[in-house]
Amino acid sequence: MLVEVRLYATLREYSPPDAVNGVFSARLPAGASLADLMTMLGISANKVHLRMVNGVGVTEQHLLQDADRIGLFPPIGGG
């Protein structure tokens, strides 16, 4: 299956070289979870604060479908 991935802020460092502003397509086997995608990209769970699929917050165990749009956001600090 083919999914669209959007990595935000500091997570963009995990984007492949052909990504544009942290946006790229990723090919995964059928039945893959969000955790599988994160592992493939080398992103550990503690680096991700918010995980979204098609605009809805999900857990790492969420099973992905063809053409899903995934957004991964790091913790944001400030003050």
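Up top is the structure.
To start, this report covers the structure provided alongside it. Nothing here was measured: the structure is a model prediction, and the numbers come from that model.

1. Some words on the nonpolar core
Residues V5, L7, L37, I43, I70 and L72 are the most contacted members of the largest nonpolar core, which totals 21 residues. When residues of this core are assigned to their parent elements, the largest contribution, four residues, is made by helix α1 (residues 34-41). Contacts of L72, omitting those with residues within four sequence positions, involve R6, L7, Y8, L11, L34, M38, I43, V48, L50 and R51.

2. Here we look at the pairing of strand β1 (residues 2-7)
Only one face of β1 is buried: it carries V3, V5 and L7, and the other face, with L2, E4 and R6, is open. For β1 and strand β2 (residues 23-27), the ladder comprises five bridges, and the chain directions are antiparallel. Across the sheet, the residue bridging to V5 is F24, located in β2. Note: β1 against strand β5 (residues 69-73), four bridges, orientation parallel. Paired with R6 across the two strands is G71, which belongs to β5.

Procedures and definitions
- Residues numbered from 1 in each chain as written.
- Predicted model: local features only at pLDDT ≥ 70, side-chain atom pairs only at ≥ 80, totals over all residues.
- Heavy atoms only, no water.
- Core = buried A, V, L, I, M, F, W, Y, C linked by side-chain atoms within 4.5 Å.
- Buried < 20%, exposed > 50% of the residue type's maximum accessible area, 1.4 Å probe, protein only.
- Helix = DSSP H or I, 4+ residues; strand = E, 2+ residues; numbered from the N terminus.
- Contact = heavy atoms within 4.5 Å.
- Pairing = 2+ DSSP bridges.

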